[in-house]
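# Residue-level structural notes
So the chains spell out like this:
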Amino acid sequence: MVNVASEAGNFFQTDAELKKQKEKEAKYNYTEGDCMQLSTKALALLVTGKHAFVGESGFNAKRINLEVFPPSFFETTRIRYSPFCLQSKKVAKLYKGHTGPVTCVALSHNKKILWTGSWDKTIKKWDAKTGECLATLQGHSDFVKALLVVGEYIYSGSSDSTIRQWNMETLECKATLKKHSRAIESLAADAKYLYAASSDRLISKWDRETNECVAIFDEHDTSVYCIRVWDDEMWSASADKTVRRWNTETGAVDTVLQHPDRVKSVAIVGPYVVTGASDDAIRVWDIASGKLVSTIDGHFDEVGCLDVDGTTLYSASLDCSLRRWTITASALKEYNDKPKKTAVVESGLTEEEERELAELMD
C-alpha cells in the first residue's frame, strides 16, 4: 500500500517521493567536486585536453576552459575572487543556434570542428575556435541523441530509430542503418565495427565496410542508455539498473554490476569502471573483482554524463553542474571516509494520528 503524505501542501505526493525530495535538498550544493555551475541541465559531455564541451537543455553547447584559475592560484597568491567571476571566465565559447536541447557533442580528429545534435532533429557543424555555425545537417525525423566521429564519417543516432552515416567533408548522408524499433541512445566503435545501443533494450553491431548488421546483443531487460568499447570489451549501462561487460567477439557477458536505480553513464579509469545513475551517485567498481569500491556523493540530480582525462573523472548532471574527481586508491579512500549527508522526513502527526491514518489507508 502506498502511503500518501498528510500535510496539506503535499497531499498528492507519496512518502517515498517526499523522502527523495528531502534527500535531494540535503545534498544540494555547488561546491563538491571542484564544481562549475551551469546555466541549464547538462545533457552531453566531451573532455579533451584543456577543455570540456557540454551540451545543455538550454538549446546551446559550451566550451569550458578546465585550467582557468585553478584553486592553487588563489591559495598561493591570496587573491580574493567571486565564484561568479571565476565561473564566467571558464566558459570559453558558446555555440548557439539550435532550437531544442543539445543532447550530444563530437569533435573532429583535429579538434577544429565541433558537431552537435539536438531535439530540433538537426546536426550542426561549428568552428570550434570561433563558434561560427558552418552547416546544418537535416535528415532525421526525430530527436538526435548520439554522435560519433569515425574515420571520414560522423554517425548520428536518433529517436527515429535510425543511424545515419554522413561524410564530414561533403556533408552527404551516405547510408541510413535501420535495425532497431526504438530510439538510438548511444554509439561506440572499435577498429572495424560500429555499435549502437537502443531503448528497445538491444545493442547492434555493424560492419563499417558493408554497413551490415552482423550481431545483436540481447541481455538487458529495458533501455540501454550508454555503451563504451575498449579493445574487445564493451560496457553497457541500462535502465534495468545494471551495467554489463560483454566480449564483443562472442557476445558473452562476464560481469553484471547491480545498482539501486537506472544507470545512465559509464567510463573506464585505469583499473576501475565508473558509473553514473539516476539516484545522483557516482559509483567506482574494481574491474578485476566486480566489487564496489566507492560511492561518490556530490551531485543532487541524475548523473547522465561521464568522461575521463588520465586519473581525473568529469561528471555532468541534471543538477546543472560539471564536476571533477580524482580516481586513485588514495582519493577513493577519502571519499569513503567522508560523512554522508542524510535527510529525515517527518510526517508532523502524533503517533495516534499516524495509526488512525494508516487504518484509513488500508
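Residues numbered from 1 in each chain as written. Predicted model: local features only at pLDDT ≥ 70, side-chain atom pairs only at ≥ 80, totals over all residues. Heavy atoms only, no water.

### A closer look at the pattern of salt bridges
Under the defined criterion, the tally for this structure stands at 15 salt bridges. Of the charged contacts, one joins aspartate 218 and arginine 201 as a salt bridge, the two residues approaching to 2.2 Å between their closest N and O atoms. Separated by 17 residues along the polypeptide, aspartate 218 in the loop between strand S17 (212–217) and strand S18 (224–230) and arginine 201 in the loop between strand S15 (193–198) and strand S16 (203–207) bring together distant segments of the chain. Here glutamate 302 and lysine 264 are joined by a salt bridge, their closest N and O atoms 4.0 Å apart. Taken together, the residues span a long stretch of sequence, with glutamate 302 in the loop between strand S25 (292–296) and strand S26 (303–309) and lysine 264 in strand S22 (residues 263–269) at a distance of 38 residues. Classification of glutamate 302 as buried rests on a relative accessible area of 11%. We classify lysine 264 as buried; its relative accessible area is 18%. (Salt bridge = Lys/Arg side-chain N within 4 Å of Asp/Glu carboxyl O. Helix = DSSP H or I, 4+ residues; strand = E, 2+ residues; numbered from the N terminus. Buried < 20%, exposed > 50% of the residue type's maximum accessible area, 1.4 Å probe, protein only.)

### Observations regarding the packing of aromatic side chains
With the rule as written, the count across this model stands at 9 aromatic pairs. Centroid distance phenylalanine 217 to tryptophan 246: 5.4 Å. Interplanar angle 70°. Geometry classified as edge-to-face. Of this pair, phenylalanine 217 sits in strand S17 while tryptophan 246 sits in strand S20 (residues 242–247), and the two are 29 residues apart along the sequence. Comparing phenylalanine 217 with tryptophan 246 shows no difference in burial state: the two are buried. Look at tryptophan 325 and tyrosine 335: their rings are 6.1 Å apart centre to centre, the planes differ by 80°, and that puts the pair in the edge-to-face class. Placement of the pair is tryptophan 325 in strand S28 (residues 321–326) and tyrosine 335 in helix H4 (residues 329–337), with a sequence separation of 10 residues. Taking relative accessible area as the criterion, tryptophan 325 reaches 4% and is therefore assigned buried. Ring pairing ties together the aromatic residues Tyr28, Tyr30 and Phe300, which thus form one cluster. When the ring centre of tyrosine 225 is taken as origin, the NZ or CZ atom of lysine 264, which lies over that ring, is 3.6 Å away. (Phe/Tyr/Trp six-rings, centres within 6.5 Å; stacked < 30°, edge-to-face > 60°. Lys NZ or Arg CZ within 6 Å of the ring centre and 35° of its normal.)

### Points about the sheet that holds S18
One open sheet accounts for 4 strands, arranged S18-S19-S20-S21; its pairing is antiparallel. Pairing within the sheet leaves two strands with one partner each, and these edge strands are S18 and strand S21 (253–258). Each adjacent strand pair in this sheet contributes to an overall mean axis angle of 15°, direction not counted. One ladder, built from 5 bridges, connects S20 with S21; its direction is antiparallel. Across the sheet, valine 243 pairs through a bridge with leucine 257, a residue of S21. (Pairing = 2+ DSSP bridges. Axes fitted to C-alpha atoms, helices over the stretch in contact; angles between N-to-C directions.)

### Quick look at the pairing of S15
Here S15 lies mainly inside the structure; 6 of its 6 residues are buried. The two faces of S15 match: Tyr193, Tyr195 and Ala197 on one face and Leu194, Ala196 and Ser198 on the other face are all buried. Bridge analysis of strand S14 (residues 184–189) against S15 gives 5 bridges, and the strand direction is antiparallel. Residue pairing across strands places leucine 187 opposite alanine 196, the latter belonging to S15. Hairpin connection from S14 to S15: 3 residues lie between these consecutive antiparallel strands. In this structure, the hairpin formed by S15 and S16 is closed by a connection of 4 residues, where arginine 201 is found at a positive phi of approximately 80°.

### Looking at the environment of lysine 333
Structurally, the position occupied by lysine 333 is in helix H4. Given a relative accessible area of 53%, lysine 333 falls into the exposed group. In sequence terms lysine 333 and valine 293 are 40 residues apart; their C-alpha atoms lie 8.9 Å from each other.

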